[in-house]
Amino acid sequence: MWLLIVLAWVVIWAGGTYWYLFGKKSPFSLESVRPPGPREFDQKKRDKVIKQGFSVDKVPQNLDVIVIGSGIGGLTAGATLAKAGKKVLVLEQHDQAGGCCHTYIEKGFEFDVGLHYIGQVHENSLLRIAFDQISEGQLEFQELHQHFDTIQIGLGDEKREYTIFSGKTEMKAHLLKQFPNDTEAIEKFFKIMKISAKKTHYLATLKLIPQWVSLFLLKSGIANLISPVFRLSGTNATDLANTLTSNKDLQVIFSYLFYGVPPKESSILINALLVHHYKRGAYYPKGGASEIAFHIIRTIQKYGGNCLVRAPVSQILVNDKGAAYGVKVRKGQDEVEVHASVVVSNCGIFTTFQKLLPPEIQVKHDVQERLNMMKHGRGSFLVFSGFDGTAEDLGLVSTNFWLFKNNDMDQSMDSFFALSKEDAPDNIPMMFITIPSSKDPEAKIRHPGKSCMTILTMVKYEWFEEWKDTTVRKRGDEYHSYKMRFAKNLFDWACTIFPKIKDKLVFQDVATPLTNMHYLGAQRGAMYSAEHNLERFHAEAVARNRCNTPIKNLYISGQDVFSCGIAGALHGGLLCASTVLDHIVYIDLLLLKKKLKRRKAKELAELAKKKLQ
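Reading guide: rules and limits
- Residues numbered from 1 in each chain as written.
- Predicted model: local features only at pLDDT ≥ 70, side-chain atom pairs only at ≥ 80, totals over all residues.
- Heavy atoms only, no water.
- UniProt positions renumbered as here; feature names shortened; annotations may be inferred.
- Patch = residues over 30% accessible without salt bridge, like charges linked within 9 Å, V, L, I, M, F, W, Y side chains within 5 Å.
- Areas by Shrake-Rupley, 256 points an atom, 1.4 Å probe, with all protein chains shown as cover.
- Salt bridge = Lys/Arg side-chain N within 4 Å of Asp/Glu carboxyl O.
- Lys, Arg positive; Asp, Glu negative; His and termini not counted.
- Charge placed at Lys NZ, Arg CZ, Asp CG, Glu CD.
- Helix = DSSP H or I, 4+ residues; strand = E, 2+ residues; numbered from the N terminus.
- Pairing = 2+ DSSP bridges.
- Axes fitted to C-alpha atoms, helices over the stretch in contact; angles between N-to-C directions.
- Contact = heavy atoms within 4.5 Å.
- Parallel < 35°, antiparallel > 145°, perpendicular 65-115°, else oblique.
- Left-handed = near helix turned anticlockwise from the far one by under 90°.
- Nonpolar A, V, L, I, M, F, W, Y, C, P; charged D, E, K, R; others polar.
- Polar contact = N/O pair within 3.5 Å; in protein donor to acceptor, adjacent residues only side chain to side chain.
- pLDDT = per-residue confidence, 0-100.

An unreviewed UniProt entry lists the protein chain under the name Amine oxidase domain-containing protein, from Amphiprion ocellaris. The heading Sequence similarities (unreviewed entry) in the UniProt record of the protein chain holds the text "Belongs to the carotenoid/retinoid oxidoreductase family. CrtISO subfamily."

*Asks:* I'd like a description of a positive patch on the surface, backed by residues and values.
*Replies:* Taken together, K168, K194, K198, K199 and R280 make up a surface patch of like positive charges. When you line up the elements, R280 lands in the loop between α12 (268–276) and β9 (282–285).

*Asks:* Can you break down the sheet that holds strand β2 (residues 88–91) residue by residue, with the values?
*Replies:* Read from one edge to the other, the open sheet built from five strands follows the order β10-β2-β1-β14-β20, with strand pairing classed as parallel. Looking at the sheet topology across the chains shown, the edges are occupied by β10 (306–308) and β20 (554–556). Strand after strand, the sheet turns through a mean of 20° between neighbouring axes, direction not considered. Bridging between strand β1 (residues 65–68) and β2 involves four bridges; their strand directions are parallel. Within β2, the residue paired with V67 across the bridge is V90. Running over the sheet, helix α24 (residues 565–581) touches β14 (342–345) and β20 and is turned about 155° from β20.

*Asks:* Report on the sheet that holds strand β7 (residues 147–153), specifying residues and quantitative values.
*Replies:* Here we have seven strands laid out as an open sheet, ordered β8-β7-β16-β17-β18-β15-β19, and mixed in their pairing. Unpaired on one side and paired on the other, β8 (160–165) and β19 (505–511) mark the two borders of the sheet. Direction aside, the axes of adjacent strands within the sheet are offset by 15° on average. Across six bridges, the pairing between strand β15 (residues 379–388) and β19 is antiparallel. Counterpart to S385 in the pairing with β19 is Q508. The sheet contacts of helix α20 (residues 477–495) involve β15, β16 (400–404), β17 (430–434), β18 (450–459) and β19, and relative to β15 the element is tilted by about 60°.

*Asks:* Please provide a residue-by-residue account of the packing of helix α3 (residues 72–83) against helix α13 (residues 290–302), values included.
*Replies:* Two elements in contact, α3 and α13, have axes separated by 9 Å at closest approach and are oriented at 25°. On the basis of their axis angle, the class for α3 and α13 is roughly parallel. You can see that α3 and α13 cross each other, and the crossing is left-handed. Facing I72, L75, G78, A79, A82 and K83 of α3, the residues of α13 in contact are I292, A293, I296, I297, T299 and I300. The class makeup of the residues in the contact of α3 with α13 is nine nonpolar, two polar and one charged.

*Asks:* Tell me about the UniProt feature "domain: Amine oxidase" (unreviewed entry) in the protein chain, residues and numbers included.
*Replies:* If you check UniProt for "domain: Amine oxidase" (unreviewed entry), the listed places come out as residues 72–581 in our numbering. Taken as a whole, residues 72–581 contains 40% helix and 20% strand, while its terminal C-alpha atoms sit 19 Å from one another.

*Asks:* Account for the environment of Y479, naming residues and giving values.
*Replies:* By the element assignment, Y479 lies in helix α20. Placed 65 residues apart in sequence, Y479 and R544 show a C-alpha to C-alpha distance of 41 Å. Sequence-distant contacts of Y479, that is, excluding residues within four places in its chain, are made with F464, W467, T512, L514 and T515. For Y479, the side chain forms a polar contact with the side chain of T512, separated by 2.7 Å.

*Asks:* Quick rundown of the environment of A223? Include the residues and the values.
*Replies:* The residue A223 is located in helix α8 (residues 222–226) in this model. Along the chain, A223 and E158 lie 65 residues apart, while their C-alpha atoms are 46 Å from each other. Contacts of A223, omitting those with residues within four sequence positions, involve L217, L218 and F230.

*Asks:* Residue-level account of the packing of α3 against α24, with values.
*Replies:* Relative orientation of the contacting elements α3 and α24 amounts to 35°, with a least axis distance of 7 Å. Seen from above, α3 lies across α24 with right-handed handedness. In this structure, α3 contributes I72, G73, T76, A77, T80 and L81 to the contact, and α24 contributes I566, A569, L570, G573, L574, C576, A577, V580 and L581. Class assignment for the residues of the contact of α3 with α24 results in eleven nonpolar, four polar and no charged.

*Asks:* Tell me about the confidence of the model for the protein chain, residues and numbers included.
*Replies:* This prediction gives the protein chain a mean pLDDT of 94; 96% of its residues lie at or above 70. Below a pLDDT of 50 lies the segment residues 3–19, which in the model reaches two contacts outside its immediate sequence neighbourhood of four places, other chains included.

Written out as C-alpha cells, the structure reads:
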C-alpha cells in the first residue's frame, strides 16, 4: 500500500516537473527568424519606432504586461513575453528608447552611450540565438579586429602596454607570450574562466527553482559537491589573484574590465566571465547600438504591443490585497493610469522600491529586506568627442584602450574615491576609450568624414550632488567648470595615445552622474545599476535576489537580476520572462541551439557530398 502511495507521488512529481520544463509552448521558433532586411537609414522612419511619444490612444487594449524602462533587460523581457502571446507595453521616461543601448546624434556625430562592444554573439552561441529570437533575425554584428583591447599601465617612461586577443586558443596563447614567467597562473585563471562560463547556468538556476530548494542545496553543501562555481561566485578576486601570481600587472589583466568595484570587493567569477565574454570575438552592432532597440521594439509591435517614450512612470499601482495592477504615467500636469495584470520594472531595484512603490508598501519589512541586499553603484562619467577627419586621417582604430596610472587597482580606487570634491578631477586613476565610428562599418555612410570617441571613468555621485536639484543643461557656471576639469584631464590623457585628435576636435559633450540620472533614469548616475560587490554574488544572495518581488505581480528585470553589461541585462530579461511565464525559456533556447547545430552539420555534409561528385 505504502509503496503504491510513494510510487504515485513520484509519478505526480515527475509529471509536474516535465510539465514545468517542457509542457508549455515555447515563445521561440526557428521559423520566426528571417534574413536581415535592408538597413533603415531614414531617421524619421526610425524615430517612429524608437521615439514614439506616449498618448492614451497609443496604449494597446487589453494589456497583459507593462514594462517600465526600455533598456535591453526590459526589451528582452517584453519581446519574449510578446512572443509568448502576452500584450506588452514598454514605457520609457526618456525621449528615445533603448536605455544604455541608445545612441544620440549631435552636430553630425553619433555616440554610443552604453554599448561599446559585445561578445558571445558568434554563430550558434546562446546569446546570439537569443538576439535572433527577440529581433527575429534582424540584428547583424560586425566582428572587430582580433586585437580588441589594449591595456596600458603606468605613465611616461614607466608605461607598459599589453594587448588582448580573441580566439578559442589565441587569447591564452597571446597572454602567455606577454607573461612567459607566469604560465601556471595564466593556465589556472583560464581554468577558472572555463568553469565560470560553463557552469554559470547553475547560479541562474538558483533563481528559477523554488527558493527553499536553492537554499537547502547551498546550506547542506550539496551545491558545492555539484560544482565549484558556487564557491567561486563568492570568492574575492584579489585574494584569488594573489594565490596565482605576485605579478601586479598580470593581476590587473585578470580584473581590467572595471565596473566601479575594486578587485578586493568583487567576485572572481564575474571578472573571469567578463574576460571570457570576448574569447570567441568582440563585436559591434552594424548600424550602431540603436539598432538593438529599433528591431526588438518592432518584434513587440508585431505581436500587438508597443513601446512609448516620454512616459515617466510616477507610481506602481498596488491594490488592497498587495498586488500590482498597473502604473501611473505623468502626462504634462496630469497622471494617467494604465492597467495590466503584470508589471515588470527594468529601472533598477532602488528606483522601483524607493520611488515607484506607494509609501505604505515601501516601508514593509520584506521590501526593506530585499533593498538591504543591494548597495548603490558608482556613478559614471563620460566624455563624448567629435572630430573632423576619418579614422585613417586621425590614426583611430576599433581597438579599445584601458588606461591605468599604476598596477594596484585596489589602492588606486580606494584613494580616488576617498578624495575631496576639489582634488578628484586632477587624480583620475583609470579610464576607458572606445571609438564607435571605427567599429561600425556603416558609420562612414551615415556620417562621412567624421569620427567620434567616448571616454569613460567611474566617479562618486557625492562630488556632483550639490547640483542635483538644477535643470539639465542649465546647472550653472560652477558645475560646467567642475565637470570640464574632469573632461580636460581625460581628453588630454587620450591625446597621449591619439595625438592627431587634439587639433581636429570640433565637438565635445560631457555626461556626469546627474546627466545619467536625467536621461537614463540611473539612480545616482550608476549606469551599471546596483553595485556588483562580492556580497551580492555569494551563492545564497544570488538565490534570494530573484525576479519576483514581495509585491505580487511585480517583477524585476535587467542588470540588478544577475550582472552588469548588455549581456548581463539581457539575461536578466530572460530570467524575468521565465519567472512571469513560470516556464524556463533557456530550455527552449538550448533546444533551438541543438536544432541549429544539426542543421549546420547537415549543410556541411551536403556541401562535402557535392564536392565529391
